[in-house]
Amino acid sequence: HITPEKFYVEACDDGADDVLAIDRVSTEVTLTVKKDVPPSAVTRPIYGILGTIRLVAGTYLIVITKKKKVGEIFSHAIWKATDFDILSYKKTMLHLTDIQLQDNKVFLSMLSHVLSVDGFYFSTTYDLTHTLQRLANTSPEFQEMSLLERADPRFVWNGHLLREFAAQPEIHRFATPVMHGFITMHSCSINGKCFDWLLVSRRSCFRAGVRYYVRGIDSEGHAANFVETEQIVHYKGSKASFVQTRGSIPFFWSQRPNLKYKPKPQISKSVNHMDGFQRHFDSQIISYGKQMIVNLVNQKGSEKPLEQTFAKMVNSMANRMVRYVAFDFHKECSRMRWDRLQILMDQLAEQQDEFRILACNSVFKMISLLSVTRNTCNCMDCLDRTNVIQSLLARRSLQAQLQRLGVLHVGQRIEEQADFEKIYKNAWADNANACAKQYAGTGALKTDYTTGKRTQWGLIMDGWNSLIRYYKNNFSDGFRQDAIDLFLGNYSVDEVEPASPLHVKKDWKFLALPIIMVVAFSMCIICLLMAG
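Everything quoted here is computed from the prediction, not taken from an experiment. (Residues numbered from 1 in each chain as written. Predicted model: local features only at pLDDT ≥ 70, side-chain atom pairs only at ≥ 80, totals over all residues. Heavy atoms only, no water.)

Asks: I'd like a description of the packing of aromatic side chains, backed by residues and values.
Replies: Applying the stated criterion to the full structure yields 17 aromatic pairs. Judged by centre distance (6.3 Å) and plane angle (50 degrees), the rings of Phe-120 and Phe-487 are tilted. Here Phe-120 is found in strand 7 (residues 120-122), whereas its partner Phe-487 is found in helix 14 (residues 477-488), with 367 residues between them in sequence. Accessibility assignment for this pair places Phe-120 and Phe-487 in one class, buried. Measuring from ring centre to ring centre gives 6.0 Å for Phe-277 and Phe-310, while their planes differ by 85 degrees; the resulting arrangement is edge-to-face. Taken as a pair, Phe-277 in helix 6 (residues 273-288) and Phe-310 in helix 7 (residues 304-317) lie far apart in primary sequence, 33 residues in all. Pair check on accessibility: Phe-277 and Phe-310 agree, each one buried. (Phe/Tyr/Trp six-rings, centres within 6.5 Å; stacked < 30°, edge-to-face > 60°. Helix = DSSP H or I, 4+ residues; strand = E, 2+ residues; numbered from the N terminus. Buried < 20%, exposed > 50% of the residue type's maximum accessible area, 1.4 Å probe, protein only.)

Take a look at the structure:
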């Protein structure tokens, strides 16, 4: 309910009388009741509060205006937020100069850009930010906490926007933690036995960004493009989970765009890599237990120093909880020899069998061993190569889980179940595309292998996506990175800041190369058309 003085957010649950009142002048947030809402207020439905943010014009309220049901996890409805609205606390912009108005417009377009990227999910009754195992190991006190209090901060993408709500426990139920990534769920049947199969990818908001602008780790050990992917099976009240993570190679390196198709990676020489490296794996072990690292980068050319440094640092760390396997994906699978992926699968099989799956009954009591298979996959982007390998490892784990739950008979293979195999491959391809669009700006490469087998058409589509990536990475990703930093609070707008970062003068050098390229391209076309 909108009035010139306040926003009133009414809870629509059965029997609820609470109303959140947000003062548009003082920005104070208080609780009131329905009878205090003025009849003159303009009323509209919303599906959640994403949070608040300060821009040049003042504070803005971001709300979810459209949602789409994805499905249910253990009878809890899961929603995808499909549209948002950004509401200004200020009733007029007359207090701004023309330059401030323009800056405010740019900042608003940044927020709109982030919100336009597909993949924001939420639930009002289920904690989407935690894996099945983390939820199974919680205390009764944890279960009593609000979703905002108990959520894993790594995966709450509106954590910065909800900071004012977090400071007031009495209004936590009006705050909606939102994760970014991918969720799909399917009701499946094998041998006449129906079960639910889910795939959930959670993208970390720590060291988040776009492809070439964010690589390696930060001083706290947070890896770029870190994604936690969980595969869940639910059959007759029993649940099984398999978790994998992916992330940028965890030491300090960069790969800034410079108009080359593949910029050369630069390993920092001025920092102590081991500090951040150690923090990263300490965090991984605390969160997931024993680690099996699968490094998929090229072992020659510009990627070779990254693989060598990674292997050297794992050996130096000498941690029995961390195992390391290097596999030159492009060399082994060149000329479409995808059968050679079995070399890696055989290499990992023995180690994967040493891990044990998590199984729970309907009341979250352990009926099996607590450890869950954990794989940390690394390649340059943690997208295309990573997704192929993760889908193969997940299939192997799922085979064991379905046999253990009694869905598959001994000796049966998932590949033989045509209907489920189609669902499985398409889901992993959709997961690959979602992660790729969020990080690189285009769909994933090599998805034709994930959905079936490698084809010539798949190669053509990979070439097209590579061209789109090249353009976006060099000419539009700076704006995307700025937008993410603004949304996540890595950059805060100062209303009284005299010099805006949006008004940095560029000299002629920034225009010279694009002009030369346009002229050269034009001459090339003219020569082709007028060759006679």
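And the narrative resumes.
Asks: I'd love a proper account of the sheet that holds strand 1 (residues 6-10), names of residues and values included.
Replies: Reading across from one edge, 1-2-3 is the order of the 3 strands in this open sheet, with antiparallel pairing throughout. At either margin of the open sheet sits one strand with a lone partner, and together these are strand 1 and strand 3 (29-33). In this sheet, neighbouring strand axes are inclined to one another by 30 degrees on average, regardless of whether the strands run parallel or antiparallel. Here strand 2 (residues 18-23) pairs with strand 3 via 5 bridges, running antiparallel. Bridged to Ile-22 within strand 3 is Val-29. (Pairing = 2+ DSSP bridges. Axes fitted to C-alpha atoms, helices over the stretch in contact; angles between N-to-C directions.)

Asks: Quick one: what's the story with the pattern of salt bridges, residue by residue and with numbers?
Replies: Applying the stated criterion across every chain yields a total of 20 salt bridges. Arg-134 is the salt-bridge partner of Glu-228, the closest N and O atoms lying 3.0 Å from each other. Of the two residues, Glu-228 is situated in strand 10 (residues 227-235) and Arg-134 in helix 2 (residues 132-136); the sequence distance between them amounts to 94 residues. No difference in accessibility class separates Glu-228 from Arg-134, as the two residues are buried. One salt bridge connects Glu-421 with Arg-395, and the closest N-O pair in it is separated by 2.7 Å. With Glu-421 in helix 11 (residues 418-439) and Arg-395 in helix 10 (residues 384-405), this pair connects stretches of sequence that are 26 residues apart. For the pair formed by Glu-421 and Arg-395, the shared burial category is buried. Residues joined in a network through salt bridges with shared partners are Arg-134, Asp-152, Arg-154, Arg-202, Glu-228 and Glu-230. (Salt bridge = Lys/Arg side-chain N within 4 Å of Asp/Glu carboxyl O.)

Asks: For the nonpolar core, give the residues involved together with the corresponding values.
Replies: Ranked by internal contacts, the top residues of the largest apolar core, which has 37 residues, are Phe-195, Trp-197, Leu-341, Leu-344, Leu-402 and Phe-420. Breaking this core down by element, the ones donating at least two residues are strand 8 (179-190), strand 9 (193-203), strand 10, strand 11 (238-246), strand 14 (291-295), helix 9 (341-354), helix 10 and helix 11. If near-sequence neighbours (up to four positions away) are discounted, Phe-195 is found in contact with His-186, Ser-187, Cys-188, Ser-189, Ile-190, Val-233, His-234, Tyr-235, Leu-402, Val-407 and Phe-420. The next biggest cluster of nonpolar side chains, apart from the first, holds 33 residues, and it includes Ile-53, Tyr-60, Phe-84 and Leu-161. (Core = buried A, V, L, I, M, F, W, Y, C linked by side-chain atoms within 4.5 Å. Contact = heavy atoms within 4.5 Å.)

Asks: Describe in detail the packing of helix 10 against helix 11, supporting the description with residues and values.
Replies: Closest axis-to-axis distance for the helix 10/helix 11 pair is 10 Å, and the angle between their directions is 145 degrees. As for the relative orientation of helix 10 and helix 11, their crossing is right-handed in sense. Touching Asn-387, Gln-390, Ser-391, Ala-394, Arg-395 and Leu-398 of helix 10 are Phe-420, Glu-421, Tyr-424, Lys-425, Trp-428, Asn-431 and Ala-432, all from helix 11. Class assignment for the residues of the contact of helix 10 with helix 11 results in 6 nonpolar, 4 polar and 3 charged. (Left-handed = near helix turned anticlockwise from the far one by under 90°. Nonpolar A, V, L, I, M, F, W, Y, C, P; charged D, E, K, R; others polar.)

Asks: Please provide a residue-by-residue account of the confidence of the model for the protein chain, values included.
Replies: When pLDDT is averaged across the protein chain, the result is 89; 92% of the residues are at 70 or more. Predicted confidence for residues 362-373 stays below pLDDT 50, and this span has 41 contacts to residues more than four positions away or in other chains. (pLDDT = per-residue confidence, 0-100.)

Asks: Kindly report on a nonpolar patch on the surface, identifying the contributing residues and their values.
Replies: A surface patch of nonpolar side chains, about 1200 Å² in accessible area, is lined by Phe-510, Leu-511, Ile-515, Val-519, Phe-521, Met-523, Ile-525, Ile-526, Leu-528, Leu-529 and Met-530. By secondary structure assignment, the location of Ile-525 is in helix 15 (residues 509-529). Look at Ile-525 and you get partly exposed, because its relative accessible area is 34%. (Patch = residues over 30% accessible without salt bridge, like charges linked within 9 Å, V, L, I, M, F, W, Y side chains within 5 Å. Areas by Shrake-Rupley, 256 points an atom, 1.4 Å probe, with all protein chains shown as cover.)

Asks: Before we move on, can you summarise the environment of Gly-192 with the specific residues and values?
Replies: For Gly-192, the location among the structural elements is in the loop between strand 8 and strand 9. By relative accessible area, which is 67% here, Gly-192 ends up exposed. Each C-alpha atom of the pair Gly-192 and Val-407 lies 8.7 Å from the other, and the pair is 215 residues apart in sequence.

Asks: Lay out the environment of Val-33 with the relevant residues and their values.
Replies: Within the secondary structure layout, Val-33 lies in strand 3. Considered as a pair, Val-33 and Asp-18 are 15 residues apart in the sequence and their alpha carbons are 5.0 Å apart.

Asks: Hey, could you go over the packing of helix 1 (residues 98-116) against helix 14 for me, with residue numbers and the actual values?
Replies: In the contact formed by helix 1 and helix 14, the axes pass within 8 Å of each other and the chain directions differ by 90 degrees. Overall, the two elements helix 1 and helix 14 adopt an arrangement that is roughly perpendicular. Across the interface between the two elements, Phe-107, Ser-109, Met-110, Leu-111, His-113, Val-114 and Leu-115 from helix 1 touch Phe-479, Arg-480, Asp-482, Ala-483, Ile-484, Leu-486 and Phe-487 from helix 14. The class makeup of the residues in the contact of helix 1 with helix 14 is 10 nonpolar, 2 polar and 2 charged. (Parallel < 35°, antiparallel > 145°, perpendicular 65-115°, else oblique.)

Asks: Explain the UniProt feature "transmembrane region" (unreviewed entry) in the protein chain residue by residue, including any values.
Replies: UniProt feature "transmembrane region" (unreviewed entry): in the numbering of this structure it lies at residues 510-531. Spanning residues 510-531, this segment combines 91% helix with 0% strand, and its end C-alpha atoms are found 33 Å apart. (UniProt positions renumbered as here; feature names shortened; annotations may be inferred.)

Asks: Before we move on, could you go through the state of the cysteines and cite the residues and values that matter?
Replies: Enumeration according to the criterion identifies 0 disulfides in this entry. Cys-524 forms no disulfide, and the closest cysteine sulfur to it belongs to Cys-527, at a distance of 6.9 Å. Given a relative accessible area of 40%, Cys-524 falls into the partly exposed group. (Disulfide = S-S within 2.5 Å.)

Asks: Residues and numbers for helix 10, please.
Replies: The terminal C-alpha atoms of helix 10, which comprises 22 residues, lie 31 Å apart, in line with the 32 Å expected from a rise of 1.5 Å per residue. Most of helix 10 is tucked away: 18 of the 22 residues are buried. (Expected span 1.5 Å × (residues − 1).)

Asks: Help me get a handle on unusual backbone geometry, residues and values and all.
Replies: Phi at Thr-27 takes a positive value of approximately 65 degrees, unusual for a residue other than glycine. Residue class for Thr-27 comes out partly exposed when judged on its relative accessible area of 26%.

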